[in-house]
Amino acid sequence: MSATATQAPRKGRIGALFVSPYVLFILVVFAVPLVYTVWISFHRFYFTAPGTDVDSPWVGLSNYKDVFTDPVVGRAFLNIVIFLVINVPLTVGLSLVLATALNAKIGGRAFFRAAFYLPYVTASVALVAVWQFLFGSDGFVNHLLGSHAPDPSWLVNSHLAMPMIAVFVTWKQLGFFVMLYLAALQNVGKELYEASSVDGAGRIRQFFSVTVPGVRPATTLVVIYAIITGANLFSEPYLLTGGGGPDHASTSPVLLMYQKGIEQGHPDFAAALGVVLIAFVAVVSVLARKLSERGN
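Model, not experiment: these values are computed from the prediction.

Criteria and thresholds
- Residues numbered from 1 in each chain as written.
- Predicted model: local features only at pLDDT ≥ 70, side-chain atom pairs only at ≥ 80, totals over all residues.
- Heavy atoms only, no water.
- Helix = DSSP H or I, 4+ residues; strand = E, 2+ residues; numbered from the N terminus.
- Buried < 20%, exposed > 50% of the residue type's maximum accessible area, 1.4 Å probe, protein only.
- Contact = heavy atoms within 4.5 Å.
- Axes fitted to C-alpha atoms, helices over the stretch in contact; angles between N-to-C directions.
- Parallel < 35°, antiparallel > 145°, perpendicular 65-115°, else oblique.
- Left-handed = near helix turned anticlockwise from the far one by under 90°.
- Nonpolar A, V, L, I, M, F, W, Y, C, P; charged D, E, K, R; others polar.
- 1 Å grid on protein atoms, 1.4 Å probe; cavity = no way out; pocket = protein on both sides within 12 Å on 5 of 7 lines; lining within 4 Å.
- Points joined across faces, edges and corners; volume = space filled by probe spheres on them.

(A) Fine view of the environment of Leu94. The residue Leu94 is located in helix α3 (residues 71–103) in this model. Overall, Leu94 belongs to the partly exposed group, its relative accessible area being 39%. Sequence separation between Leu94 and Thr170 is 76 residues, and the spatial gap between their C-alpha atoms is 8.9 Å. Beyond its immediate chain neighbours, meaning those up to four positions away, Leu94 contacts Thr170 and Leu174.

(B) Spotlight on helix α12 (residues 253–263). Along α12, the positions that sit buried rather than exposed are Pro253, Val254, Leu255, Leu256, Gln259, Lys260 and Gly261. Looking at the buried positions of α12, the neighbouring elements they touch are α3, α10 (216–231), α11 (235–240) and α13 (267–294). Of the residues trailing α12, Gly265 is marked for its positive phi of about 75°.

(C) Quick look at unusual backbone geometry. The linkage connecting Asp151 with the following residue, Pro152, adopts the cis geometry, with an omega of 0°. Within the fold, Pro152 resides in the loop between α6 (140–145) and α7 (161–185). Positive phi values are uncommon outside glycine, yet Asp247 reaches one of about 50°. As for its placement among the helices and strands, Asp247 is situated in the loop between α11 and α12.

(D) The side chain of Thr170, seen in detail. Structurally, the position occupied by Thr170 is in helix α7. Sequence-distant contacts of Thr170, defined by excluding residues within four places in its chain, comprise Asn87, Leu90, Thr91 and Leu94.

(E) Broad picture of the packing of α12 against α13. Where α12 contacts α13, the axes come no closer than 8 Å and their chain directions differ by 165°. Comparing their axes, α13 and α12 come out roughly antiparallel. Crossing handedness for the pair α12 and α13: left-handed. On the side of α12, the interface is formed by Pro253, Val254, Leu256, Met257, Lys260 and Gly261, while α13 contributes Pro267, Phe269, Ala270, Leu273, Gly274 and Leu277. Taken together, the residues of the contact of α12 with α13 break down into nine nonpolar, two polar and one charged.

(F) Region of interest: the layout of surface pockets. One number sums up the size of the largest pocket: a volume of about 770 Å³. Thr100, Asn103, Ala104, Tyr193 and Arg203 are, among the 18 residues lining the largest pocket, the residues nearest its centre. Here the lining of the largest pocket is composed, by residue class, of seven nonpolar, six polar and five charged. Here the second largest pocket is characterised by a volume of approximately 510 Å³. If you trace the second largest pocket, you find 21 residues lining it, with Pro33, Thr37, Met257, Gly274 and Ile278 closest to the centre. Counting only elements with at least two residues in the lining of the second largest pocket, the list comes to α1 (3–41), α12 and α13. With eight residues, the top contributor of residues to the lining of the second largest pocket is α13. Residues of the lining of the second largest pocket, tallied by class, amount to 17 nonpolar, four polar and no charged.

Dropping the structure here:
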């Protein structure tokens, strides 16, 4: 047996050793809770004090029936669809344009990169305070608009609450996606821009003919990541609109899971809703990936 053949199993064991902490992390943090959540969703389950033994009878699809017949659940998923329709295109478009601009040789480039990334690493509570100052009922924007300000105001308006949250999240997370695109732009060859310039292409033509196709794999990542984070929206509606108001106009499925499972004591309903949300995110993400790959 050759030395290469004997070294292969050894390298495999060493690789497995390095990977094992991450595999353990996935099992403990994701796999086990997911399996337990699915189990809860098929039982009548209650949170109890440690050491208390309470029966959890099998109820089959009863919790799922409650989920699909609850009008608030339907409104929550509609809110997420509205959010994604606004947030995902804004995120992709703005982050790519800004990354392209910041990739050019401009003065103060490092400062602008840090400035766009700062909201992403800032606590949501602090950013919500800024947003409330701007778009609250007595906020700065309403004072500027005067009689043209919406009534009810932005964050308590059933038609504007979720779009405003979508814009807020876009602004907050923009720096992260700009960094992803900046990394992707390093792999777009400068010779492509030089060749297109020789052919008479201007900056706008180069953007659509060279930059956009060159960063398409990164765009797929950005779209899927934006969908996953958007579907798991919680802190923004909880903080900005006081828990999903007005009249559930900004309630998200994850916020509803918290309200049903923790505040109202129905973890079985919340577990079934969580499973439905996972299926929803998986389907939307797969469709988004196929649409993105079709353009390749």
